[in-house]
Structures are given as structure tokens and as C-alpha cells.
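One letter stands for each residue in the lines below.
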Amino acid sequence: DFLPLRCNACGEVFCKDHIRYDDHKCSSAYKKNVQVPVCPLCNTPVPVQRGEIPDVVVGAHMDKDCKYNPAQQKQRIFTNKCLKPGCKRKEMMKVLCEQCGGNFCIKHRHPLDHDCKGSSHPTSKA
């Protein structure tokens, strides 16, 4: 393939082996190298104008416009409270009783352990 190819950054003509910016050391490659930095705290893209230093712009965003809330990051994992009266345990996942549909901790998950009122007869003595 001997067709000439024009570089879309500098406008010079090259063969297929030298059309890449790095292959012909294109001095205008920066025009096509458009990257948008992302804020490391809130994960939002921060627009950078030509000639600005991305680190400085992201730093300014973090100081002024960042919507990062450290309290939001510290979400609770154990939120499913046991419904057995007097029990204060919480589990990471819901443990539902098949008979009454209540949410209980691992210790009180069986119908006999939480005095289940859902069915007239318990399924097992486990």
C-alpha cells in the first residue's frame, strides 16, 4: 500500500508505516490528545481548557466545586435489625423467616428461636 496519508494533526503526508503521531514525531499531536481528568474524590470529569495544567484545575475543583461528602462514603453495612424483642443484633443481609416473613439475626432465624406466630406448626426443631 503506497497511498499517501495525511496526518490529521500536522497536515503532513506520510506512508502507512509513518502515519502514527509517534512514528513521525508529530509536533502537533498535542492538539489531538484531549483527555478529561476525573476528580479522585467525587469521580466527576473536570473540564480543562487549552493551556491549563490538569493537576492545577483538578486541585481547584477539589478546593471549591467538589461534591465529595466523606460521611456518604462511610455507609453502614449491618443495617438489617433483628425483630426478636430484646435482640439488638444486625446482619449484613436480610434473613427472612419463611413462616412469618420477619427479619431476624442468624441466632433467631429459625421459627422456634423467635416464637414464630406465622404458622400453626413449626417446620423443625433446629
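Figured I'd write up the structure that's included with this text.

Analysis parameters
Residues numbered from 1 in each chain as written. Predicted model: local features only at pLDDT ≥ 70, side-chain atom pairs only at ≥ 80, totals over all residues. Heavy atoms only, no water. Helix = DSSP H or I, 4+ residues; strand = E, 2+ residues; numbered from the N terminus. Buried < 20%, exposed > 50% of the residue type's maximum accessible area, 1.4 Å probe, protein only. Contact = heavy atoms within 4.5 Å. Areas by Shrake-Rupley, 256 points an atom, 1.4 Å probe, with all protein chains shown as cover. Salt bridge = Lys/Arg side-chain N within 4 Å of Asp/Glu carboxyl O. 1 Å grid on protein atoms, 1.4 Å probe; cavity = no way out; pocket = protein on both sides within 12 Å on 5 of 7 lines; lining within 4 Å. Points joined across faces, edges and corners; volume = space filled by probe spheres on them. Nonpolar A, V, L, I, M, F, W, Y, C, P; charged D, E, K, R; others polar. Arc of directions from axis to C-beta. Patch = residues over 30% accessible without salt bridge, like charges linked within 9 Å, V, L, I, M, F, W, Y side chains within 5 Å. Lys, Arg positive; Asp, Glu negative; His and termini not counted. Charge placed at Lys NZ, Arg CZ, Asp CG, Glu CD.

1. Points about the overall build of the protein chain
Then comes step 1: Secondary structure assignment for the protein chain yields 2 helices and 4 strands.
Then comes step 2: Taken from N to C terminus, the helices and strands of the protein chain fall in the order β-β-α-α-β-β.
Then comes step 3: Looking at the protein chain as a whole, 24% of its 126 residues qualify as buried.
Then comes step 4: Pairs at least 24 apart in sequence give 10% of the contacts found in the protein chain among residues at least 6 apart.
Then comes step 5: Of the roughly 10300 Å² that the protein chain leaves accessible, carbon and sulfur atoms contribute 53%.

2. Re the pattern of salt bridges
Then comes step 1: This model, assessed by the stated rule, comprises 5 salt bridges.
Then comes step 2: One salt bridge in this structure joins aspartate 22 and arginine 20, with 4.0 Å as the shortest N-O distance.
Then comes step 3: Exposure remark for aspartate 22: the relative accessible area of 60% places this residue in the exposed category.
Then comes step 4: By sharing partners, the salt bridges in this structure join Arg20, Asp22 and Asp23 into a single network.

3. Things to note about the layout of surface pockets
Then comes step 1: Its volume calculated, the largest pocket comes out at about 320 Å³.
Then comes step 2: Asn33, Val34, Gln35, Val48 and Gln49 are, among the 13 residues lining the largest pocket, the residues nearest its centre.
Then comes step 3: Looking at side-chain class alone, the lining of the largest pocket contains 7 nonpolar, 4 polar and 2 charged residues.

4. What to know about helix α1 (residues 54-64)
Since the α-helix turns once every 3.6 residues, residues separated by three or four places project in the same direction.
Then comes step 1: Where α1 is concerned, the buried positions are Val57, Val58 and His61. Taken down its axis, α1 places every buried residue within 95° of arc, on the same side. The exposed set on the far side of α1, more than 90 degrees from its buried face, consists of Asp55, Val56 and Asp63.

5. Quick look at a positive patch on the surface
Then comes step 1: A cluster of basic side chains, namely Arg76, Lys81, Lys88 and Lys90, defines a positive patch on the protein surface.
Then comes step 2: In this structure, lysine 88 sits in the loop between β3 (80-81) and β4 (90-91).
Then comes step 3: Since its relative accessible area comes to 73%, lysine 88 is described here as exposed.

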